[in-house]
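Each chain, written out:
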Amino acid sequence: MSRSNRNLLALAIIAVVLVAAVLWVGRREYLRDPPAVTSLDPTAVAKIELDIPPVAPQVFEKRHDGWWRIKPSEARADDARVQRLANLAATPVSRWMAASGIDPSKVGLDHPSATLLLNGMRLEYGGLTAIDELRYVKVGGELALVPRQYSPEVLLTKTDAE
């Protein structure tokens, strides 16, 4: 092997090691702090609108004494359950994609299974991917793929027994 070939081989090895190090550091950062579906701080969410057909849409408002449902009727809400909805603002995103290249009917977004507004930021929940069961969530003009457990649920108000 000539000297120039050895030098090229050494440079190639150094380049591969540097690329691997950058990717490793980037992956560690991503795993430690994955991108969230919104930039909202869940503790700052003060108004939540939830629509999961066929149940009547519900609107929740944070007051000094906790969460209240204000529509379809006014009642004290279960703080922990409504806060779980607010926490969906920080849902980790597995992957982002442009919504323009996706047919909404093929991913369950022509009629979303749930629509959630957090301080006016609209999240539309669609179907699951076939292989890894990630949920499609439309956020503005983009689609996020999120773990299926990060989905809104129908909430009931506190009962007198609680």
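Further up the page is the structure itself.
None of these values were measured; they are calculated from a predicted model. (Residues numbered from 1 in each chain as written. Predicted model: local features only at pLDDT ≥ 70, side-chain atom pairs only at ≥ 80, totals over all residues. Heavy atoms only, no water.)

### Focus: the overall build of the protein chain
In terms of helices and strands, the protein chain carries two helices and nine strands. N-terminal to C-terminal, the α/β element order of the protein chain is α-β-β-β-β-α-β-β-β-β-β. Of the contacts formed within the protein chain by residues at least 6 apart in sequence, a portion of 54% connects residues at least 24 apart. For the protein chain, the exposed area adds up to about 10100 Å²; of that, 59% sits on carbon and sulfur atoms. (Helix = DSSP H or I, 4+ residues; strand = E, 2+ residues; numbered from the N terminus. Contact = heavy atoms within 4.5 Å. Areas by Shrake-Rupley, 256 points an atom, 1.4 Å probe, with all protein chains shown as cover.)

### Regarding the environment of Leu-109
Inspection of the secondary structure puts Leu-109 in the loop between strand E5 (95-98) and strand E6 (114-118). Spatially, the C-alpha atom of Leu-109 lies 7.3 Å from that of Gly-127, the residues being 18 residues apart in sequence.

### Things to note about helix H2 (residues 79-87)
Listed in full, the buried residues belonging to H2 are Val-82, Leu-85 and Ala-86. What you see down the axis of H2 is that its buried residues fit within an arc of 100°, all on one side. Buried-residue contacts for H2 involve strand E1 (47-51), strand E2 (58-63), strand E3 (66-71) and E6. With a side-chain oxygen positioned 3.1 Å from the backbone nitrogen of Ala-80, the residue opening H2 is Asp-78. (Buried < 20%, exposed > 50% of the residue type's maximum accessible area, 1.4 Å probe, protein only. Arc of directions from axis to C-beta. Polar contact = N/O pair within 3.5 Å; in protein donor to acceptor, adjacent residues only side chain to side chain.)

### Remarks on the pairing of E3
Bridging between E2 and E3 involves five bridges; their strand directions are antiparallel. Looking across to E3, one finds that Arg-63 is bridged to Gly-66. Between E2 and E3, which follow one another and run antiparallel, lie two residues. Summarising the sheet, E3 and strand E4 (residues 75-76) pair through two bridges and their orientation is antiparallel. Counted as the bridge partner of Trp-68 is Arg-76 from E4. (Pairing = 2+ DSSP bridges.)

### A closer look at the nonpolar core
Ile-48, Trp-67, Leu-116 and Leu-123 are the most contacted members of the largest nonpolar core, which totals 23 residues. At the level of elements, E1, H2, E6, strand E7 (121-128), strand E8 (134-139) and strand E9 (142-147) are the ones that each hand at least two residues to this core. Setting aside residues no more than four positions away along its own chain, Leu-116 makes contact with Ile-48, Glu-49, Leu-50, Leu-85, Leu-88, Met-121, Arg-122, Leu-123 and Tyr-125. Counting seven residues, the second-largest nonpolar core is a separate cluster that includes Val-107, Leu-134, Tyr-136 and Leu-145. (Core = buried A, V, L, I, M, F, W, Y, C linked by side-chain atoms within 4.5 Å.)

### Some thoughts on the pattern of salt bridges
Counted under the stated rule, the structure contains five salt bridges. For Glu-124, the salt bridge goes to Arg-122, with nearest N and O atoms at 2.8 Å. On the basis of relative accessible area, Glu-124 is assigned to the buried category, the value being 14%. Overall, the relative accessible area of 42% leaves Arg-122 in the partly exposed class. (Salt bridge = Lys/Arg side-chain N within 4 Å of Asp/Glu carboxyl O.)

### Details of unusual backbone geometry
The bulk of non-glycine residues show a negative phi, and the bulk of peptide bonds are trans. Following Pro-53, the chain continues into Pro-54 via a peptide bond in cis, with omega recorded as 5°. Relative to the elements of secondary structure, Pro-54 occurs in the loop between E1 and E2. Residue Pro-72 is bonded to the preceding Lys-71 through a cis peptide linkage, with omega at 5°. Positionally, Pro-72 belongs in the loop between E3 and E4. Non-glycine residue Asn-119 carries a positive phi angle of around 50°.

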